[in-house]
Amino acid sequence: MPKIQRTFAILAISLFAAASVSGQAAHSFPFRATNYDVEVFLHPEDQTIQGQAKVDFVADQVAKTVLVELHQDLHVTAVKMNGQPLTYARDNNAPLLLTVALPGTVSPGTRVTLAFEYSGPVSSEEDSPTRGVRFASVEKTNAYLLLPARWFPLTNYPSNRYTGKFNLIVPSGFTVAGTGKSDPPATQPGIGLGSPTQASYVFHCDQPAPNGSFVAGSLQMTAAPTEGYQFSFYTPASQVPTVSSYAASLAQIMGYFADTFGTLNGPQGPIPSLAIAQLPDGTLGGYSAPGVLMISAREWTPKSNDRLLSQLAAGQWWGDRVLPATAGDVWVTDGMSRYAEAMYAEQSGGVGQLNKALEDYAVGALMFEDAAPISQADHIGAYSDPYYSIVYDKGAMVFHMLRAELGDEAFTNLLKEFYRQHAGKTATIDSFEKMTKAPPMKPGEPPVNLLSFYSQWLNSTGVPEFTLQYIVYRTPKGFQINGTVKQPLDTFRMPVQVKVDTEGNPETKTILVTGTSSQFKVETFGRPKPNGITIDPNNNLLKSSPRLRVRATISRGEALATLGKYYEAIQEYQRALDVQPTNSLAHFRMAEAMFYQKNYQAAANAFRAALGGDLDPKWTEVWAHVYMGKIYDILGQRERAVNEYNRAQHLKDDTAGAQAEAARYIKTPYNPDATSQAQSNQNNAAQPTVTASGNAAQVPAAAAQAADPANKEPTLKKRTESN
């Protein structure tokens, strides 16, 4: 493994360990929840919830205790069985776990019903089931309760299915959207004398599924029927004009996935309806739950973000109809939904868009690749940066590499058959492996060894970085290239394509790369061009390179900066600059972090360095001038500030509204205090970041989603207490 990758690994392990303190460690649940009757009051005034959950369980083994997961900040006041109180306790070593003692031992198949009463806050990032990721929040103007928050007692997450009824009681100005079919809201008096009225939203979840994710706020429902589907959008009134764009894109996406994977059927037939709701900022960029797609405000652009939209839509197949059997099997669902995003990008935009997605995945995979193998995802906090890197990005690349090994037709047939057999059930990595059949050996090419493939990419860490040495000989029939492919992984074994560009037609040969060094020979008729030999010319393999490592390092810095860890982010940007001193993006991000640290002189120097660098991506130039103008305004040098804004306007680059930003501050000097207050008043309205490639990034930043960069602001939003 190259030295720089070992440096990444040290930081990756430390970060992922912190992210998974209360992550997905495997537990044995003696009972499985089968049905819920949940009533929860949202209290925005003190940012808490108060819940009652009546839960039906069935015993899966001989047991005398019921084990559930419940957000550690929720205080349990009572657990009852048939009206009689039971003894319960939190696990001191794993406070997410709550154990309830039954009156006696029960046998497998026994059904019991318990009633839980609890209350408390659920918004803490530090106490979240995945530290640093906010799965639930209750604010004065909005709220969301996502299933991973464990805001009601859960068993066997993320593999369990259950029916239920959820009654959410919210301030009267809130509209609620989420899993299940809802009744019309009912008005009821507030609790306490003089309290404002409240609204009761009841959702019926009649089909067994991972139900229980909701969003509430000042949302307006807009029906958007399309051919074959009935979409219902829940957005702020200002976003209603965007609904038609999202509905049109989503209809095409759903149709493509239905053709590719199979009809999205429930137990009683096709599922034509889908809700799409806007999430407040401060949580995941997007979340897919049964029958509902949730998209963060920062990702809700005037033109639909088809990359994110397709990933979330694919979650209806891979993550709802097919569930992972354990937290260690999420590659078959989350990894597949991420790769489905690339498949649709290819379908709608051609090979160029596919390659763009694959490069994003490669960068994301390199960020935390050494933290754990894909098959050990149960040791990583769900939706943490390492999780996105390993399960989503590396996982998507593994599916693409498998497609390259099997061929398009065999790969698509595999997905259809796997979905057919597992829809409505759970799936394991092992079951997917067993269904995969190696393609027939092609003449002149090494055989595909799928056992080695899965061992390398699912059960091991490490990414190859290929180097090439060769000599060209003249022969009576043309030319012969004798070469050696080297890479650092001792156990690596895969067929790899080598392409030789010649003065005539190019020659491509597949060779078997085994271990750290493999020799090959390629014969050509035309003379090979200088530097014309390429390994993996179609980018079908996950591999490292100096350029990709630099991009991954910058992305790691972006992930830290979005958490407000600017000092650590600057260290990552410096590592990138140590490898590539002219990288404008690294200089820009470093300057940006220094700007938020109020180290304006150092920020100005770094912005100047960005302007003197490679200007890749191009938007670094216009935004460097805008930021320089802001710095001069802060320092009271108005004439120099206006000069910088004018330079930005002369570039005519309007990435993320740069021209409007420059025009705004030409008229009125930039005031950081006024800007911070305006952001707070807007409740952190959508101001997304972009990754090194200019693609919209989720929080965590490791999960990069593609979009039109012209609609994305290439700056990190300064964190406040509300995000």
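Only a predicted model underlies this, so the values are computations on that prediction, with no experimental measurement involved.

The rules behind each value
Residues numbered from 1 in each chain as written. Predicted model: local features only at pLDDT ≥ 70, side-chain atom pairs only at ≥ 80, totals over all residues. Heavy atoms only, no water. Helix = DSSP H or I, 4+ residues; strand = E, 2+ residues; numbered from the N terminus. Contact = heavy atoms within 4.5 Å. Pairing = 2+ DSSP bridges. Axes fitted to C-alpha atoms, helices over the stretch in contact; angles between N-to-C directions. Parallel < 35°, antiparallel > 145°, perpendicular 65-115°, else oblique. Nonpolar A, V, L, I, M, F, W, Y, C, P; charged D, E, K, R; others polar. 1 Å grid on protein atoms, 1.4 Å probe; cavity = no way out; pocket = protein on both sides within 12 Å on 5 of 7 lines; lining within 4 Å. Points joined across faces, edges and corners; volume = space filled by probe spheres on them. Phe/Tyr/Trp six-rings, centres within 6.5 Å; stacked < 30°, edge-to-face > 60°. Buried < 20%, exposed > 50% of the residue type's maximum accessible area, 1.4 Å probe, protein only. Lys NZ or Arg CZ within 6 Å of the ring centre and 35° of its normal. Left-handed = near helix turned anticlockwise from the far one by under 90°.

J.: What should I look at first to understand the overall build of the chain in this one?
T.: Scanning the chain for helices and strands turns up 17 helices and 31 strands. Restricting the contact set of the chain to residue pairs at least 6 apart, pairs at least 24 apart contribute 70%.

J.: I tried to follow the sheet that holds strand E26 (residues 467-475) on my own but got confused; where do I start?
T.: In any sheet, the strands associate via hydrogen bonds between backbone groups, in a parallel or an antiparallel arrangement. If you walk across this open sheet you meet the 3 strands as E26-E27-E30, and the pairing is antiparallel. Single-partner strands in this sheet number two, and they are E26 and strand E30 (517-524). Sheet twist, expressed as the mean angle between neighbouring strand axes with direction ignored, is 15 degrees. Here E26 pairs with strand E27 (residues 478-486) via 9 bridges, running antiparallel.

J.: What is the right way to read the packing of helix H2 (residues 243-261) against helix H4 (residues 334-349) from this model?
T.: Think of two packed helices as two axes; the pair is described by the angle between the axes and how far apart they sit. As a packed pair, H2 and H4 sit with axes 11 Å apart at the nearest point and diverge in direction by 110 degrees. One way to sum up the angle between H2 and H4 is to call them roughly perpendicular. Touching Ser 249, Gln 252, Ile 253, Tyr 256, Phe 257, Thr 260 and Phe 261 of H2 are Met 336, Ala 340, Met 343, Tyr 344 and Gln 347, all from H4. For the contact of H2 with H4, the class distribution of residues is 8 nonpolar, 4 polar and no charged.

J.: What is the right way to look at empty space enclosed by the protein in this model?
T.: Where empty space is left can be seen by rolling a probe of water-molecule size over the atoms. Taken as a whole, this structure holds 6 cavities of 30 Å³ or more when the rule is applied. A volume near 450 Å³ is recorded for the largest cavity. What lines the largest cavity is a set of 33 residues, among which Tyr 287, Ser 288, Gly 319, Asp 334 and Tyr 383 lie closest to the centre. Of all the elements in the fold, those that place two or more residues in the lining of the largest cavity are strand E22 (286-289), helix H3 (306-314), strand E24 (322-324), H4 and helix H6 (385-406). Taken together, the residues of the lining of the largest cavity sort by class into 20 nonpolar, 11 polar and 2 charged.

J.: Looking at this model, I keep getting lost on the packing of aromatic side chains. Mind explaining?
T.: Two aromatic rings are characterised by how far apart their centres lie and by the angle between their planes. Applying the stated criterion to the full structure yields 48 aromatic pairs. Consider the rings of Tyr 566 and Tyr 596, whose centres lie 5.8 Å apart with planes at 35 degrees: the pair is tilted. Residue Tyr 566 is found in helix H11 (residues 566-579), and its partner Tyr 596 is found in helix H12 (residues 584-596); the two are separated by 30 residues along the sequence. The same class applies to Tyr 566 and to Tyr 596, which are both buried. On the numbers, 6.3 Å between centres and 45 degrees between planes, the contact of Phe 595 with Tyr 670 is tilted. Here Phe 595, found in helix H12, pairs with Tyr 670, found in the loop between helix H16 (658-667) and helix H17 (672-681); they are 75 residues apart in sequence, far enough to count as distant. In terms of burial, Phe 595 and Tyr 670 fall into one category: buried. Grouping aromatic residues by their ring pairs yields a cluster made of Tyr 256, Phe 257, Phe 261, Trp 317, Trp 318, Trp 331, Tyr 344, Phe 399, Phe 418, Tyr 419 and Phe 432. The residue whose ring lies beneath Arg 150 is Tyr 157, and the NZ or CZ to ring-centre distance is 4.2 Å.

J.: What am I meant to see in the packing of H12 against helix H14 (residues 619-634) here?
T.: Two elements in contact, H12 and H14, have axes separated by 11 Å at closest approach and are oriented at 25 degrees. The orientation of H12 with respect to H14, classified from their angle, is roughly parallel. Regarding H12 and H14, the two cross each other, and that crossing is left-handed. Counted together, Ser 584, Leu 585, Phe 588, Arg 589, Glu 592, Phe 595 and Tyr 596 of H12 and Trp 619, Thr 620, Trp 623, Ala 624, Tyr 627, Lys 630, Ile 631 and Ile 634 of H14 form the full contact between these two elements. Residue composition of the contact of H12 with H14, grouped by class: 10 nonpolar, 2 polar and 3 charged.

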